[in-house]
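# A closer look at the structure
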Amino acid sequence: MIFQDPYASLNPRMTVGAIIAEPVRVHRLRENDTAVRERVQEVMELVGLNPSFISRYPHEFSGGQRQRIGIARALAAEPSFIVCDEPVSALDVSIQAQIINLLEELQHRLGLTYLFIAHDLSVVKHISNRVAVMYLGRVIEIAESRQLYDDPRHPYTRALLSAVPIPDPQVEQHRRRIILEGDVPSPINPPSGCTFHPRCPIGSERCRSDVPSLRVRSDLHEVACWRSDESPVLMPMTVQEAARS
Ligand code: SF4
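Residues numbered from 1 in each chain as written. Predicted model: local features only at pLDDT ≥ 70, side-chain atom pairs only at ≥ 80, totals over all residues. Heavy atoms only, no water.

### Here's the deal with the sheet that holds strand E3 (residues 130-135)
Inclusion rule: By definition, two strands form a pair when at least two bridges between them are found by DSSP. Numbering goes from the N terminus for both helices and strands, where a helix is a DSSP run of H or I of at least four residues and a strand is a run of E of at least two. For helices, the fitted line uses only the C-alpha atoms of the stretch in contact; every axis is such a line through C-alpha atoms, and the angle between N-to-C directions lies from 0 to 180 degrees. Every residue pair with non-hydrogen atoms within 4.5 Å of one another is taken to be in contact.
Judged by pairing direction, the sheet is antiparallel, and its four strands sit side by side in the order E3-E4-E6-E5 without closing on themselves. Because the sheet does not close on itself, it has two edges, and the strands there are E3 and strand E5 (215-218). In this sheet, neighbouring strand axes are inclined to one another by 30° on average, regardless of whether the strands run parallel or antiparallel. Here two bridges tie strand E4 (residues 138-144) to strand E6 (residues 221-223), and the two strands are oriented antiparallel to one another. The partner of Ile 142 across the bridge, within E6, is Glu 222. Against the sheet, helix H7 (residues 155-162) makes contact with E3 and E4, and its axis sits at roughly 105° relative to E3, the strand it touches most.

Listed below in structure tokens is the structure:
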């Protein structure tokens, strides 16, 4: 796992070497201390950290370097699947790009699969092959990344995408965001039926009582909405659609 906050996720009392070695030791992946140290230096190089920093402490590194330490720790146990929990949201934008490029490079080199959790839709679009959108703890739409961004079918996904700024002054001038009304309900006491119904601009009576499950619309595109076939007609265009039209 790669954690969100590179300041809170590294033990300040442990050296970088001890932090990265921990999963190797816990899973008994190397036979002796020398082999563990070699593995630590190997992954440090892999993530762009100087292996001679092995005895330094986390406070001696910048935010981006700390996140590299977190990535090295995740790689140390030789995984094939990594959960990346908002791995760039605590970093400056320029550092975000470096870390995303690093994650992509590692993915290609090591054949990794990522479950990438994020709120930044531009980052999600850039890095994902397949995207699942969640509302109140439930997946409400899943699709190939390109299909989801080109043809969002759930009203919540459409509202989310309408909030993404487009770097084109002409488009921004005529930008019409889909503003959702009301607050996000408590996940402890979610609304009946479709949990999005109190805020949905196209909700109907049925939505108040019946829970929509994920329905396959087309190849690899699933939506949990009773009216997913109609929504693009009834709802305002997303900014992306306005830019295309
Ligand atoms: S099921 Fe109904 S309330 Fe839920 S998103 Fe679809 S139209 Fe809106």
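Having seen the model, we can carry on.
### Examining the pattern of salt bridges
Filter applied, for reference: Any carboxyl oxygen of Asp or Glu that lies within 4 Å of a side-chain nitrogen of Lys or Arg is treated as forming a salt bridge with it. Residue exposure (1.4 Å probe, protein chains only): buried if accessible area is under 20% of the type maximum, exposed if over 50%, otherwise partly exposed.
This structure, assessed with the given rule, holds eleven salt bridges. Notably, a salt bridge pairs Glu 78 with Arg 39, separated by 4.0 Å at the nearest N-O pair. Note that Glu 78 is positioned in the loop between helix H3 (63-76) and strand E1 (81-85) and Arg 39 in helix H2 (residues 33-46), a separation of 39 residues in sequence. Judged by its relative accessible area of 9%, Arg 39 is buried. When the shortest N-O distance is used, the salt bridge between Arg 109 and Glu 105 registers 3.6 Å. In this pair, Arg 109 and Glu 105 both sit in helix H4 (residues 93-110), four residues apart, roughly one turn of the helix. Of the residues examined, Glu 105 reaches a relative accessible area of 40% and is grouped as partly exposed. Salt bridges here are not isolated pairs; linked through shared partners, they connect Arg 30, Arg 39, Glu 42 and Glu 78.

### Description of the site of the ligand
What counts, and what does not: By convention in these notes, a residue is near a molecule or strand provided one of its non-hydrogen atoms lies within 4 Å of it. Cavities and pockets were defined on a 1 Å grid built from protein atoms only: a cavity is a group of points that admits a 1.4 Å probe but offers it no way out, a pocket is an open group of points flanked by protein on both sides within 12 Å along at least five of seven lines, and a lining residue is one with an atom within 4 Å of any such point. Put plainly, a molecule is in a cavity or pocket when over half of its atoms are within 2 Å of the grid points there. Each residue is assigned to one class: nonpolar for Ala, Val, Leu, Ile, Met, Phe, Trp, Tyr, Cys and Pro, charged for Asp, Glu, Lys and Arg, and polar for all the others, Gly among them.
Near the ligand, the surroundings consist of 13 residues, among which Cys 194, Cys 200, Cys 207, Cys 225 and Trp 226 are the closest. Under a 2 Å grid-point criterion requiring more than half of the atoms, the pocket assigned to the ligand is the largest cavity. For the shell around the ligand, the per-class residue count stands at nine nonpolar, three polar and one charged.

### Quick notes on the side chain of Arg 66
The line we're drawing: Working convention for charge: Lys and Arg count positive, Asp and Glu count negative, and His plus the chain ends are omitted. Whenever two N or O atoms come within 3.5 Å, that pair is a polar contact, provided that in protein one can donate a hydrogen and the other can accept it, and provided that, for residues adjacent in sequence, both atoms are side-chain atoms.
For Arg 66, the location among the structural elements is in helix H3. Although Arg 66 lies buried, it forms no salt bridge, and the closest oppositely charged side chain, Asp 5, sits 6.7 Å away as judged by the N-O distance. Engagement of the side chain of Arg 66 in a polar contact is seen with the backbone oxygen of Pro 6, the distance being 3.3 Å. If sequence neighbours within four positions are ignored, Arg 66 has contacts with Pro 6, Tyr 7, Leu 10, Pro 58, His 59 and Phe 61.

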